Amino acid sequence: MAQAIARRHTLSNVIHRQVKPSAAIPCPVRTAAPVIPSHDRSSVIVNYQVDSASETHRAAVSKLLARRGWAVPAPKQKLTNWSYTVGEIGQHEVDIRVTHNGLCHTDMHMRDNDWGISGFPFIPGHEVVGEVVAVGSQVTGLRPGDRAGVGWISDSCRCCANCKRGEENLCEKGYTGLTVAGNHGGFQDICRVNADFAYTIPDGLDSASAAPLLCAGITVYAPLRAHIKHPNTHVAVMGVGGLGHLALQFARKMGAEVTAISGRPDKEAETKSMGAHNFMIFGRDNDKFKGKFDILINTASSDVSISQLMSLLKVDGSLIQVGIPGGGAVMQVPLQDLVFNQKKVVGSIVGGRADMQEMLNFAAVHDVKPLVELWPLSKVNEAMQHVADGKARYRVVLTSDWQ
């Protein structure tokens, strides 16, 4: 994720979308968004917009200082129970009692420090859904009792041109990931984040379905939103997994003709139930589909021949890379095909606030939902192995089971 090439929208793509106003934080000050584990679930909902001198408030604050979660103690180690403390909530922060966490391959990359950006110990989890239990004094968009979600991005400068367009994923000063720079993710009871990066979950989305959309969903929605220019655009989705099965649904709902590409013949019926018009076995059917696609989005996290993928594009077609193999994978692009056929190879990394809230609303209206398996959070290590073994169909969601 740290090495992905970022996509760029034109102003016309985003000008009509409302971006939630940022909190009044003067440039270029950035407020870190530490996330935190839990407290006794029987405790009262606390709104920090009350008199801090009150005995009730002081008692609640002292209780909320304790946090617990499932943390990675060192690279490549299993997650263990871990506790720590936090201070009083900041003016622009919210506390979310976590109910659901999507389990993403990125959590395992971060666990193993595959990208060299992990700090230990840390609590993974960046597809977080729960109930707001506390808000800072300057928070206006969320209230205790609201359902809210948090994705990969937890902060940005909010001052550069990209941030002002709602494209915080392209922040010129670099955005802050939810589980990097000393921050903690959602595998905990209470998660504290900057309110600007907490999103309202629409009523049409249940929490288990909403969680994977906050990373997997936005990862495929944002580039499809940017590159599908007209109805009947022919879109191919390489890889029918956690990302790909959502890309099929989004592309179909955006009016595209959709082809699923897989190496497994047994997935044909399932991909068509998700919205695919056509099904292709990669390698076997390449000649049949050569030069057919306007857009090919590669969601595979393993190395795939780029020259073979590009041969499937029409002249002036676009290959969008969102899957990130580990091990410092390098892309080899056939220059003659790229230049003479005016093809494009682009990358895309998650999405900004404008895309995120739009994506959640779109999914609720058009009934785009991931296929999920529910596991208790206390079985997180077993769930990670299940995902690593390729057995998940198609996203694992961890449900909080704190005692």
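Reading the values: rules and limits
- Residues numbered from 1 in each chain as written.
- Predicted model: local features only at pLDDT ≥ 70, side-chain atom pairs only at ≥ 80, totals over all residues.
- Heavy atoms only, no water.
- UniProt positions renumbered as here; feature names shortened; annotations may be inferred.
- Helix = DSSP H or I, 4+ residues; strand = E, 2+ residues; numbered from the N terminus.
- Buried < 20%, exposed > 50% of the residue type's maximum accessible area, 1.4 Å probe, protein only.
- Areas by Shrake-Rupley, 256 points an atom, 1.4 Å probe, with all protein chains shown as cover.
- Core = buried A, V, L, I, M, F, W, Y, C linked by side-chain atoms within 4.5 Å.
- Domains from an automatic or database assignment.
- Phe/Tyr/Trp six-rings, centres within 6.5 Å; stacked < 30°, edge-to-face > 60°.
- Lys NZ or Arg CZ within 6 Å of the ring centre and 35° of its normal.
- Polar contact = N/O pair within 3.5 Å; in protein donor to acceptor, adjacent residues only side chain to side chain.
- Contact = heavy atoms within 4.5 Å.
- Patch = residues over 30% accessible without salt bridge, like charges linked within 9 Å, V, L, I, M, F, W, Y side chains within 5 Å.
- Salt bridge = Lys/Arg side-chain N within 4 Å of Asp/Glu carboxyl O.
- 1 Å grid on protein atoms, 1.4 Å probe; cavity = no way out; pocket = protein on both sides within 12 Å on 5 of 7 lines; lining within 4 Å.
- Points joined across faces, edges and corners; volume = space filled by probe spheres on them.
- Nonpolar A, V, L, I, M, F, W, Y, C, P; charged D, E, K, R; others polar.
- Pairing = 2+ DSSP bridges.
- Axes fitted to C-alpha atoms, helices over the stretch in contact; angles between N-to-C directions.

- Identification of the protein chain as alcohol dehydrogenase (NADP(+)) from Gonium pectorale is taken from an unreviewed UniProt entry.
- The Cofactor (unreviewed entry) field of the UniProt record for the protein chain holds the comment "Zn(2+)".
- As stated in UniProt under Sequence similarities (unreviewed entry), the record for the protein chain gives "Belongs to the zinc-containing alcohol dehydrogenase family."

**Focus on the overall build of the protein chain**
Here's step 1: Of regular secondary structure, the protein chain possesses 11 helices and 17 strands.
Here's step 2: Buried residues in the protein chain amount to 56% of all 403 residues.
Here's step 3: Element-wise, carbon and sulfur atoms account for 52% of the exposed surface of the protein chain, whose accessible area totals about 16,400 Å².

**Describing the nonpolar core**
Here's step 1: Core analysis: the largest hydrophobic core is formed by 71 residues, its most contacted members being Phe-187, Phe-250 and Leu-360.
Here's step 2: Ranked by residues supplied to this core, first place goes to helix H5 (residues 207–227) with 10 residues.
Here's step 3: Shared between two domains, this core holds at least three residues of each, these being domain 1 (64–215 + 352–399) and domain 2 (218–347).
Here's step 4: Membership of the second largest hydrophobic core comes to 16 residues, among which are Ala-236, Phe-293, Ile-306 and Met-310.

**Brief notes about the packing of aromatic side chains**
Here's step 1: All told, the structure shown has six aromatic pairs when counted by the stated rule.
Here's step 2: Summarising the aromatic geometry, the rings of Phe-250 and Phe-362 are spaced 6.0 Å apart at their centres and angled 45° between planes, so their arrangement reads as tilted. Of this pair, Phe-250 sits in helix H6 (residues 244–253) while Phe-362 sits in helix H10 (residues 353–366); the two residues are 112 residues apart in sequence, bridging distant segments of the chain. With respect to burial, Phe-250 and Phe-362 carry one shared label: buried.
Here's step 3: Every member of this aromatic cluster is reached through a ring pair, and the members are Tyr-221, Phe-250 and Phe-362.
Here's step 4: Positioned above the aromatic ring of Phe-197, the side-chain terminus of Arg-353 is 5.7 Å from the ring centre.

**Section: the side chain of Asn-298**
Here's step 1: If you trace the backbone, Asn-298 turns up in strand S13 (residues 293–298).
Here's step 2: Given a relative accessible area of 2%, Asn-298 falls into the buried group.
Here's step 3: In terms of polar contacts, Asn-298 uses its side chain to reach the side chain of Gln-321, at 2.9 Å.
Here's step 4: With residues up to four places along the chain from it excluded, the contact list for Asn-298 reads Met-238, Val-304, Leu-309, Leu-319, Ile-320, Gln-321, Val-322 and Gly-323.

**Details of a nonpolar patch on the surface**
Here's step 1: A surface patch of nonpolar side chains, about 380 Å² in accessible area, is lined by Leu-335, Val-339 and Phe-340.
Here's step 2: Relative to the helices and strands, Leu-335 is located in helix H9 (residues 335–340).
Here's step 3: With a relative accessible area of 58%, Leu-335 lands in the exposed category.

**Here we look at empty space enclosed by the protein**
Here's step 1: Enumeration over the complete set of coordinates arrives at one cavity of 30 Å³ or more.
Here's step 2: Lining the largest cavity, in full, are Gly-151, Trp-152, Ile-153, Phe-197, Tyr-199, Leu-214, Ile-218, Val-350, Gly-351 and Met-356.
Here's step 3: Its residues assigned to classes, the lining of the largest cavity comprises eight nonpolar, two polar and no charged.

**Structural notes on the sheet that holds S13**
Within a sheet, adjacent strands bond to each other through the backbone by hydrogen bonds, running parallel or antiparallel.
Here's step 1: With parallel pairing, six strands are arranged side by side in an open sheet as S12-S11-S10-S13-S14-S15. Taken across any chain shown, the strands that pair with only one partner, and hence form the sheet edges, are strand S12 (278–281) and strand S15 (344–347). The average undirected angle you get between the axes of adjacent strands in this sheet is 20°.
Here's step 2: Where strand S10 (residues 234–238) and strand S11 (residues 257–262) come together, five bridges link them in parallel fashion. Of the residues in S11, the one forming a bridge with His-234 is Glu-257.
Here's step 3: Across the sheet, H6 touches S10 and S11, and the angle it forms with S11 is around 165°.

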